Amino acid sequence: MKSKSIKQMASRGLVLTTFAGLLSVGTAIASGKVEVMHWWTSGGEANALNVLKEALGAQGIAWDDSAVAGGSGTNALQVLQARVASGNPPAAMQMHGEQIKTYAEEGLLGDLSEIATAQNWDAVMAPELQTFAKHDGVYVGVPFNEHRHNWMWVSKKIIDQYGGKVPETWDEWFVLADKMKADGVQPLAHGGQPWQEFMLWEDILVAVGGADFHKKAVQELDEAELGGDKMVQAFDTFRKVLSYADAGAANRDWNLATAMVIEDKAAFHFMGDWAKGEFTVANKKADVDYLCRAAPGTAGTYVFLADYWGFFPVKEEAAKQAQMEMAKLTMDPAVQTEFNIRKGSIPARIDIDPKAFDACGQAAIADRAAAAEKGGVLPSLSQNHAQSREVRGVFEDVITSFANDANITSADAVARIKSGLAGL
Ligand code: GAL
């Protein structure tokens, strides 16, 4: 799918009114320019980002692109740190909850109160995202989306060859994966990079102990839970799942792993719903070409993460106005709708009509609401929402070492996490 222009978007009934309003009321800020740093370089990610780029363009604001490739912002966040350290940050930066907090604590992020009040963010933004978008009660970040971390993407063609029933627990998954393996069918599409393995591990942790265990062990860092049997079991299961990876998995980028399911070369991929953006650009349809299901054992939970813009200080008035226009457009209902349809996520706004979304998008919106009622909306540890960078780093280091060294036992890994945290 080629990226659509604003005009084409506006011709869709669902966004017509809002986009028409949006395009006619804005005052063009001809000299405005925003340097935007982000890590959205895959086909699906770029397709989504174009929605905002074009909406800004329609307001006469130029987009100065500073993309830094590398899933999960592994590289971009390092470049950002260096640029902040040298006093030259970009005007706008893609951030997760943890970076908003860190840079806001340093007093570096622009105050978005005026737009937040005008657009009534307190009423329309998902409450769990407000926690991260605000610092000391003031909005300093604006979210695009709410991604779900704990998804399993399924090749419909392959699963149909095996009776069509999608496994709901890891035990069921292992039985089916063994059958596939015996037939020479690749069960798992895996990207062997630290952040991807960390996400898989976190899915498994939720499956092993549920929402309460996630809360105690990784959000509250409860010593007993961190050192207990469930943690050991999570590592055991993680090792077993990794044993289904193919020989080419080492250091594979996430979108190449998604492509294995898109091309029916592997049955399952565990990845956040940005993977859906890849299916979309490949012209694949939910429920027709692929299925989306909660990762085994995690139904009823919604492990979330979001992408926010944080705005660093700029000198010129036009540049400041351009930043504010960008914040406003990011939360605009029509932009939120089209952006999230393309990105695979659900809107950060809770007042968007779910009907505009496909089966997976609608399932995500419903699952989030159901999980919210039962305390099952959980901030992602691996995707920078549950803990500081340092704490997250302890987990990632241990998980990566464990994934790459069979001599490290599950009990060793648990002990290493405990001692790593104690050393902070
Ligand atoms: C996440 C980000 C997503 C997605 C993914 C892969 O960290 O929040 O929007 O793009 O990385 O790059």
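For every chain, the first residue of its written sequence is number 1, and the numbers climb from 1 along that sequence. Only residues with pLDDT of at least 70 are given local features in this predicted model, and only at 80 or more are side-chain atom pairs given and counted; all residues enter the totals for whole chains, interfaces and linings. To get the side-chain values, take all heavy atoms of the structure and skip hydrogens and water.

Novice: If you had to explain the state of the cysteines to someone new, which residues and values would you point to?
Specialist: One way to say it: the disulfide is the covalent bond shared by the sulfur atoms of two cysteines. When two cysteine sulfur atoms are found within 2.5 Å, that pair is recorded as a disulfide. On inspection of all chains with the given rule, the structure shows one disulfide. With a sulfur-sulfur separation of 2.1 Å, C292 is cross-linked through a disulfide to C360. Taking the sign of the S-S torsion, -110° for the link of C292 and C360, the bridge is left-handed. Here C292 is found in strand β11 (residues 290-294), whereas its partner C360 is found in helix α18 (residues 359-373), with 68 residues between them in sequence. Secondary structure follows DSSP: runs of H or I at least 4 residues long count as helices, runs of E at least 2 residues long count as strands, and numbering of each begins at the N terminus.

Novice: Please provide a residue-by-residue account of the environment of Y302, values included.
Specialist: For Y302, the position within the fold is in strand β12 (residues 302-305). Since its relative accessible area comes to 0%, Y302 is described here as buried. Between the C-alpha atoms of Y302 and A211, which are 91 residues apart in sequence, the distance is 9.2 Å. Each residue gets one of three labels from its accessible area relative to the maximum for its type: buried under 20%, exposed over 50%, partly exposed in between, using a 1.4 Å probe on protein chains only.

Novice: Quick one: what's the story with helix α19 (residues 389-404), residue by residue and with numbers?
Specialist: Think of an α-helix as turning once every 3.6 residues; residues three or four places apart then point the same way. Across its 16 residues, α19 extends 22 Å between first and last C-alpha, which sits within 8% of the 22 Å expected from 1.5 Å per residue. Buried within α19 are the following residues: V391, R392, G393, V394, F395, E396, V398, I399, T400 and F402. By definition, residues are in contact when any of their heavy atoms lie within 4.5 Å. On its buried face, α19 sits against α11 (194-219), α12 (223-226), α13 (229-242) and α20 (410-422). Expected helix span is computed as 1.5 Å times (number of residues minus one).

Novice: Now, about the domain arrangement of the protein: what can you tell me, with residues and values included?
Specialist: What counts as a domain boundary in this text is fixed by an automatic or database domain assignment. According to the domain assignment, the protein contains domain 1 (2-147 + 304-358) and domain 2 (148-303 + 368-422). Spacing between the C-alpha centres of domain 1 and domain 2 amounts to 28 Å. Of the residues lining the interface, 31 residues belong to domain 1; the matching set on domain 2 comes to 26 residues. Of the roughly 2,300 Å² buried where domain 1 meets domain 2, counting both sides, 52% is carbon and sulfur surface. Buried area is a sum: the accessible area each of two parts loses on coming together, probed at 1.4 Å, counted once for each and added. The largest contributions to the domain 1 side of the interface with domain 2 come from E98, F304 and L305, which together make up 26% of the buried area. Note on definitions: salt bridges are taken to be side-chain nitrogens of Lys or Arg within 4 Å of carboxyl oxygens of Asp or Glu. Counting across the interface, domain 1 meets domain 2 through three salt bridges. A salt bridge links R368 to E146; the shortest N-O distance between them is 3.3 Å. By the criterion applied in these results, polar contacts are pairs of N or O atoms within 3.5 Å in which, for protein atoms, one can donate a hydrogen and the other can accept it, and in which residues neighboring in sequence qualify only through two side-chain atoms. Inspection of the region where domain 1 meets domain 2 yields 16 residue pairs in polar contact (both at pLDDT 80 or more). Counting residues per element, the ones that place at least two in the side of domain 1 that touches domain 2 are α3 (43-58), α4 (76-85), α5 (97-105), α8 (127-133), β7 (145-148), β12 and α17 (333-343).

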